[in-house]
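# Structure at a glance
What follows is the residue order along each chain.
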Amino acid sequence: MQTFEFEGRTTEEAIEQASRELNIPAEELEIDILEPGSAGIFGLVGGKKAKIKVTTEAQITPHEETETIEANHAESEPVETDSPDETELAFAKEVLENILSRIPVETTVHSQRVNGNIALNIRGDKSGLLIGRKGKTLDALQYIVNKIANKASEKKVRVVVDSEDYRKRQEESLVEMARDMGEKAKKTQKPVATDLLNPHERRIVHLALKPDEALNTKSKGDGLLKKVLIIPKK
Amino acid sequence: MKDLVESIAKALVDRPDEVVVTEIEGHQASVVELKVAKEDIGKIIGKQGRTAAAIRTILNAASAKLDKRSVLQILE
């Protein structure tokens, strides 16, 4: 059990930062909001920083901030959790196969280690049944497999479930969408908002626009799904 | 569908032997009732119902393949 404190302009940003630095998905962190923070009037004056306390059962060493926030490292971000061993890899694969064997679709599961995570690829689902609308079914499978895998394992394992390269394609189209919206924001000099996105998707959008000096990005909304506001700098 | 819910539920809880799943088949929709040990209800529902929502999503996908509809009921 370890406790950390994080600050951000909003609680959302603080949580995102915590998740990034500790390398744990936001939904698995125990979060106490110490100070909700306020944007002030129109986000201009009297803004107060949000402060949160994060408790986690996983054994982790927080990395240096500079290392994780660099946008260029987005894809090859060094992961400092212990690499999953053969047993964990095999177990996660078995958990997913077990579930899929009870769904009437012929599939095979391939497993590999990617950046210290376990990547499970489902092959054979041509219809996209296991992906679902906007990846909903895939996310559900991933969530359940993570829960089960982490219940069995002492150390924190992260499992990414993909089918027919959906996540890769999704990431590419998100980056493209983010850049298009960024161009629009710069042209009109007005903020542009994305659809409701989950934390992982928001992270992709934030990172895609981070190198752009003329734009700011900010998450807006409550709950797990939020919009990302893309704001032109004046 | 009963099998699917049962295998997921058993893997999630601390007392798999207390997991009981019954399926009531209807014309188009069937109801899958899930009962677990009292201490395990939280594990099945999850934070803000996320685990229950995920199980329902997977159940819906599996049912859709069979042109059916299934509803998951978690009994207390």
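Bear in mind the structure is a predicted one, so any value in this text is a computation, not a measurement.

The rules behind each value
- The numbers attached to residues start from 1 for each chain and follow its sequence in the written order.
- The naming scheme follows written order: chains are lettered A onward, ligands numbered 1 onward.
- Local features in this predicted model are restricted to residues of pLDDT 70 or higher, and side-chain atom pairs are both shown and tallied only at a pLDDT of 80 or more, whereas totals for entire chains, interfaces and linings draw on every residue.
- Working from all heavy atoms in the structure, the side-chain values ignore hydrogens and water.
- Runs of E in the DSSP output that reach at least two residues are strands. Runs of H or I that reach at least four are helices, and both are numbered from the N terminus.
- The criterion used for residue contact is that any of the two residues' heavy atoms lie within 4.5 Å.
- Computed with a 1.4 Å probe, the accessible areas rest on the Shrake-Rupley method; for each residue, only the protein chains presented here act as cover.
- pLDDT measures the predictor's confidence residue by residue and takes values from 0 up to 100.
- In this analysis, strands are considered paired if DSSP registers two or more bridges between them.
- Only the contacting stretch of a helix is used when fitting its axis, a line to C-alpha atoms as for every element, and angles between N-to-C directions run 0 to 180 degrees.
- Residue burial is assigned from relative accessible area. The probe radius is 1.4 Å, only protein chains are included, and a residue is buried under 20% of its type maximum, exposed over 50%, and partly exposed in between.
- Summed over both partners, the accessible area lost on bringing two parts together, with a 1.4 Å probe, is the buried area.
- Within this document, salt bridges are pairs made up of a side-chain nitrogen of Lys or Arg and a carboxyl oxygen of Asp or Glu, the two lying within 4 Å of each other.
- N or O atoms within 3.5 Å of each other form a polar contact, as long as, within protein, one can give a hydrogen and the other can take it, and as long as residues adjacent in sequence are counted only when both atoms are side-chain atoms.
- Three residue categories are used. Nonpolar comprises Ala, Val, Leu, Ile, Met, Phe, Trp, Tyr, Cys and Pro, charged comprises Asp, Glu, Lys and Arg, and polar comprises the others, including Gly.

For the rest of this paragraph, the subject is the overall build of chain B. Per the secondary structure count, chain B includes three helices and three strands. Counting helices and strands in the order they occur from the N terminus, chain B gives α-β-β-α-α-β. Within chain B, contacts between residues at least 6 apart in sequence are counted, and of these 52% link residues at least 24 apart. When the accessible surface of chain B is summed, it comes to about 4200 Å², and 49% of that surface belongs to carbon and sulfur atoms.

Our next topic: the confidence of the model for chain B. For chain B, the average pLDDT comes to 94, and 100% of its residues sit at 70 or higher. Quick note on the complex model: pTM equals 0.66, ipTM equals 0.94.

This next bit is on the sheet that holds strand β2 (residues 29-35) of chain B. All names here are of chain B. Here three strands make up an open sheet; going across it, the order is β1-β2-β3 and the pairing mixed. Each edge of the open sheet carries a strand with a single partner, namely β1 (20-25) and β3 (69-75). In this sheet, neighbouring strand axes are inclined to one another by 20 degrees on average, regardless of whether the strands run parallel or antiparallel. Running at roughly 160 degrees to β1, helix α1 (residues 2-12) makes contact with β1, β2 and β3 of the sheet.

This part is about the pairing of β1(B). Residues and elements named next belong to chain B. Summarising the sheet, β1 and β2 pair through six bridges and their orientation is antiparallel. Residue Val-20 lies in a different strand from β2, and its bridge partner there is Lys-35. Counting the residues between successive antiparallel strands, the hairpin from β1 to β2 contains three residues.

As a further point, take unusual backbone geometry. All names here are of chain A. In the Ramachandran plot, Lys-134 falls in the positive-phi region, its phi being about 55 degrees despite a non-glycine side chain. By the element assignment, Lys-134 lies in the loop between β5 (117-123) and α4 (136-152). With a relative accessible area of 59%, Lys-134 lands in the exposed category. For Glu-164, which is not glycine, the phi torsion reads 50 degrees and is therefore positive. With respect to the helices and strands, Glu-164 occurs in the loop between β6 (159-163) and α5 (166-188).

Attention now goes to the sheet that holds strand β4 (residues 108-114) of chain A. Residue and element names in this part refer to chain A. Read across the open sheet, the three strands follow the order β4-β5-β6; overall the sheet is mixed. Strands at the two margins of the open sheet, each flanked by one partner only, are β4 and β6. Strand-to-strand twist of the sheet, defined as the mean angle between neighbouring strand axes without regard to direction, takes the value 20 degrees. Alignment of β4 against β5, held across seven bridges, turns out to be antiparallel.

As a further point, take the environment of Lys51(A). Residue and element names in this part refer to chain A. Structurally, the position occupied by Lys-51 is in strand β3 (residues 50-56). On the basis of relative accessibility, which here comes to 26%, the residue Lys-51 falls in the partly exposed class. It is 6.7 Å that separates the C-alpha atoms of Lys-51 and Thr-11, two residues lying 40 residues apart in sequence. The residues contacting Lys-51, other than those within four sequence positions of it, are Glu-5, Phe-6, Glu-7, Asp-32, Ile-33, Leu-34 and Glu-35.

Attention now moves to the interface of chain B and chain A. With 20 residues of chain B at the contact, the number on the chain A side is 18 residues. Across the chain B to chain A interface the summed buried area is about 1900 Å²; carbon plus sulfur atoms make up 70%. Along the contact surface separating chain B from chain A lie one salt bridge. Notably, a salt bridge pairs Asp14(B) with Lys151(A), separated by 3.6 Å at the nearest N-O pair. Where chain B touches chain A, the interface holds one residue pair in polar contact (both at pLDDT 80 or more). For the side of chain B that touches chain A, the secondary-structure elements that each account for two or more residues are α1 and α3 (50-65) of chain B. With 10 residues, the single largest contributor to the side of chain B that touches chain A is α3(B). Per-class residue counts for the side of chain B that touches chain A are 12 nonpolar, three polar and five charged.

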